[in-house]
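# Structural characterization, general
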Amino acid sequence: MSTIPEMPAREVPDRVRQGSHSPIQSLDDWRRSWMAARDNPDGFWLRESQARLAWQTPPTQGLRGDFHTIADSQVSWFADGTLNVTESCLDQHLATRGDKVAILWEGDEPGVTRALTYRELYVEVCRTAAALRSLGVQKGERVIIYMGMVPEAAIAMLACARIGAVHSVVFGGFSAEALRDRIRDCAAEVIITQDEGLRGGRVIPLKATCDDACVGERHVRKVLVYQHTSAPVDWLPERDVWWHEALADVAVSELPAVPCVAEDPLFVLYTSGSTGRPKGLVHTCAGYLTWASYTHEVVFDLREDDVYACMADVGWITGHTYIVYGPLCNGATTLMFESTPLYPDAGRYWDIVARHGVTVFYTAPTAIRALAAQGDGFVTDYDRSSLRVLGTVGEPINPEAWEWYYDVVGEGRCNIVDTWWQTETGGIAITPIAPATPTKPGSATFAMPAIVPVIVNDEAQPVVGPGEGRLCLAQPWPGMARTVWGDHERYVSTYFSTFPGFYFTGDGCRRDAEGYHFITGRVDDVLNVSGHRMGTAEFEAVLISVEAIAEAGVVGFPHPIKGQGVYAYVVLQPGVHDETRLLAAANAACRNQIGAHARIDVVQVVPGLPKTRSGKVMRRILRKIAEGAPEQLGDLSTLADPGVVVAIIAGSRR
Ligand code: WT7
């Protein structure tokens, strides 16, 4: 991606500018807001948070703390304010938007839909919150949510928030083992799941997987089960509770919201890093919601009658911020989609756009590439005239996919917002602003107010003007994750020790002469496969649990649809020679220990891994060979056994 030539920016199409009421409608507006937020963060964000959130006690304090003192104390925003986020997402809309559709749901089968108005959603959240309370859930307690894309997943999140419980949503594709790790890490006693999920015509046995995860986990007191497909499920009468029965029992339609302080945790969300097990990132109530609301409104130029559709899953941060919290805080109609872009065929997204009149559409580059590969006919068969803004998120978008999205899907009438951010940032950080920013294919363009990007070069110096290096952020922003659940030291060492005083993102970035940012992808040992973030260390831990395998080194390689594929180099145990079922065995282990989305594409048996004389695996060498560029191995003088590299190149599967 670093070879993208300097290119002229594309002006914002007229249709995108017309009718905007956004505070940021031009690059001048953006520059003014950006400077105001940088120079007076307290003033800027106190104003935004007070305008957007329904406070019980409005805050008088803005930002406390900085990146230099973060080892000893957390950054805080609005620390003396009190609120309950559900009053911002629900109660505050009842008078003005009670009958407006809050959640528009499209099920797995085309045309199977539900619509919940703000008033209906409010009642459902209150009833579910009362049910959770009757199960004994206390303020501050963690609740795991392991569900598919049904409105009840959002209701469950908000119900936890209503009583001040901390939710941790686990993506429904994760295996029982991965779910168990998360249940243990945050010491959850209550889990919310459903009988089965549906996705692309297939059944996902969520309750059964949850049961497997809970074997031997005595601290799990209650499992609340939403009935979606009505399939028969195993039942533990002392532990399991049907959602509909629990709600019927509480017989309320309102429940006062529990007061929280601004910095109380709202949720924990697990994400992969370059080492060790996934970390539970902690987002707190007021800063997160302010950031979710601000970025959602400004980036997409949200309008009152928008039908806004984000195709992510609530198991990831995109679903938290841009399906649930941002849109609901902004009183928007947010679409939840249970299925996949290819079911029943590659026209599904555009069928949804046409039937629901979607105006803002947000998806991932991997989906765009998969759909572009199926031909334009699936797009042009449907009326897309309602569309105004097209978003992308999750991984770098290659210019060819960007052009296809712009020309074929948007017919040149829509602006594309390529939004760069992370689980850690809580919301969009570097992005075009729909009515304001002329775009360049493959560029996330400029930073949002509060985001101060710094590109650090190989000499650990900030790059001034155009250049390339590692992307850091220099100032705290309201939506940043505050800590790692139960391990603040790990938070500090992961994000703030590489470049002291800066938050290090783990991404590479190039800035052109006009200040446009091009994210080049991860520079650490994190993989991004179809927008799914996974650690190479997690794959390696799975592989060495496979009986035939003694050692493993896993790296990514460029993949035309998935962005990255997974390449595993393995050393077999002494005496093992049979390689025939190795890939299948490796993938069965990945499926069991991580989930179905964790799949290895290539396994290569090697005589040894390339190590330094001190025994460290030289991952750079593995990466270059997997990329098909063995001529770029660089300095090999520290290698313990050069013969190993010769053998790996000779046996390379690329
Ligand atoms: C990583 C974060 C952000 C929500 C979904 C992913 C990559 C994300 C972009 C983009 C290039 C991107 C980065 C980042 N990424 N958006 N627009 N352009 N890369 O959240 O699972 O925490 O992953 O996704 O590498 O570090 P996540």
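Here, the structure is the one placed above.
Residues numbered from 1 in each chain as written. Predicted model: local features only at pLDDT ≥ 70, side-chain atom pairs only at ≥ 80, totals over all residues. Heavy atoms only, no water.

## A few points about the pairing of strand 17 (residues 307–310)
Of the two faces of strand 17, the one holding Val307 and Ala309 and the one holding Tyr308 and Cys310 are both buried throughout. Between strand 17 and its parallel partner strand 18 (residues 333–337), the chain crosses via helix 11 (residues 317–329), and the hand of that crossover is right-handed. Bridge analysis of strand 17 against strand 19 (residues 360–363) gives three bridges, and the strand direction is parallel. Directly across from cysteine 310, in strand 19, lies its bridge partner tyrosine 362. (Buried < 20%, exposed > 50% of the residue type's maximum accessible area, 1.4 Å probe, protein only. Helix = DSSP H or I, 4+ residues; strand = E, 2+ residues; numbered from the N terminus. Right-handed = clockwise from strand over helix to strand, strands pointing away. Pairing = 2+ DSSP bridges.)

## Quick word on the nonpolar core
Residues Leu121, Phe300 and Tyr325 are the most contacted members of the largest nonpolar core, which totals 129 residues. In this structure, this core is formed jointly by two domains, domain 1 (14–84 + 263–457 + 471–506) and domain 2 (137–255), each of which donates at least three residues. Sequence-distant contacts of leucine 121, that is, excluding residues within four places in its chain, are made with Leu90, Ala102, Ile103, Leu116, Ile155, Leu158 and Leu328. Counting residues in each nonpolar core, the second largest holds 47 residues, with Tyr270, Leu527, Val529 and Val546 among its members. (Core = buried A, V, L, I, M, F, W, Y, C linked by side-chain atoms within 4.5 Å. Domains from an automatic or database assignment. Contact = heavy atoms within 4.5 Å.)

## Observations regarding the site of the ligand
The environment of the ligand is formed by 17 residues, the closest being Asp418, Thr423, Asp507, Arg522 and Arg533. Here an oxygen atom of the ligand sits 3.5 Å away from a polar atom, N or O, in the side chain of asparagine 528. For the ligand, the accessible surface in isolation is 550 Å², of which the surrounding protein chains cover 95%. Along the lines of polarity and charge, the residues of the shell around the ligand split into six nonpolar, six polar and five charged. (Near = heavy atom within 4 Å. Polar contact = N/O pair within 3.5 Å; in protein donor to acceptor, adjacent residues only side chain to side chain. Areas by Shrake-Rupley, 256 points an atom, 1.4 Å probe, with all protein chains shown as cover. Nonpolar A, V, L, I, M, F, W, Y, C, P; charged D, E, K, R; others polar.)

## Focus on the sheet that holds strand 30 (residues 563–572)
If you walk across this open sheet you meet the three strands as 29-30-31, and the pairing is mixed. Either end of the sheet is taken by a strand with one partner, and the two such strands are strand 29 (549–559) and strand 31 (602–605). Taken pair by pair, the neighbouring strands of this sheet meet at an average axis angle of 25°, ignoring direction. Where strand 29 meets strand 30, 10 bridges bridge the pair, whose relative direction is antiparallel. Its bridge partner lying in strand 30, valine 555 is registered against tyrosine 567. In the packing of helix 18 (residues 582–593) onto the sheet, contacts are made with strand 29, strand 30 and strand 31, and the angle to strand 31 comes to roughly 120°. Its contacts with the sheet put helix 19 (residues 619–626) on strand 29 and strand 30, and the angle it makes with strand 29 is roughly 50°. (Axes fitted to C-alpha atoms, helices over the stretch in contact; angles between N-to-C directions.)

## With respect to the environment of leucine 83
Assignment of secondary structure puts leucine 83 in strand 4 (residues 82–83). C-alpha separation for the pair leucine 83 and cysteine 260, spaced 177 residues apart in sequence, amounts to 5.4 Å. Beyond its immediate stretch of four places on either side in the chain, leucine 83 contacts Leu53, Ala54, Trp55, Gln56, Val258, Pro259, Cys260, Val261, Ala262, Cys285 and Ala286.

## Describing the packing of aromatic side chains
Inspection of every chain in the model, using the stated rule, returns 37 aromatic pairs. Consider the rings of phenylalanine 67 and phenylalanine 496, whose centres lie 5.0 Å apart with planes at 50°: the pair is tilted. Here the residue phenylalanine 67 occupies a position in the loop between strand 2 (63–64) and strand 3 (76–77), and phenylalanine 496 occupies one in helix 16 (residues 488–496), the gap between them amounting to 429 residues. The residue whose ring lies beneath arginine 10 is tyrosine 406, and the NZ or CZ to ring-centre distance is 4.6 Å. The residue whose ring lies beneath arginine 114 is tryptophan 105, and the NZ or CZ to ring-centre distance is 6.0 Å. (Phe/Tyr/Trp six-rings, centres within 6.5 Å; stacked < 30°, edge-to-face > 60°. Lys NZ or Arg CZ within 6 Å of the ring centre and 35° of its normal.)

## Let's talk about the state of the cysteines
Going through the model one piece at a time under the given rule, you end up with zero disulfides. Free of any disulfide, cysteine 89 has its nearest cysteine sulfur in cysteine 329, 5.1 Å distant. What makes cysteine 89 buried here is its relative accessible area of 0%. The closest cysteine sulfur to the non-disulfide-bonded cysteine 126 is located on cysteine 89, 13 Å from its own sulfur. In this structure cysteine 126 comes out as buried when scored by relative accessible area, which is 1%. (Disulfide = S-S within 2.5 Å.)

## So, the packing of helix 2 (residues 27–39) against helix 3 (residues 41–52)
Orientation of helix 2 relative to helix 3, taken along the N-to-C sense of each, is 110°, at an axis distance of 5 Å. Classified by the angle between their axes, helix 2 and helix 3 sit roughly perpendicular to one another. Judged by residue contacts, Ser33, Ala36, Ala37, Arg38 and Asp39 of helix 2 engage Pro41, Phe44 and Trp45 from helix 3. For the contact of helix 2 with helix 3, the per-class residue count stands at five nonpolar, one polar and two charged. (Parallel < 35°, antiparallel > 145°, perpendicular 65-115°, else oblique.)

## Some thoughts on unusual backbone geometry
Trans peptide bonds make up most of the peptide bonds, and negative phi angles are found at most residues other than glycine. Of the consecutive residues tyrosine 343 and proline 344, the connecting peptide bond is found in the cis state with omega at -5°. Locating proline 344 in the fold gives a position in the loop between strand 18 and helix 12 (348–356). At aspartate 301, a residue that is not glycine, the phi angle is positive and equals roughly 55°. With respect to the helices and strands, the residue aspartate 301 is situated in the loop between helix 10 (285–300) and strand 17. Of note in this structure, glutamate 411 is not a glycine but carries a positive phi near 50°. When its relative accessible area of 44% is taken as the criterion, glutamate 411 is described as partly exposed.

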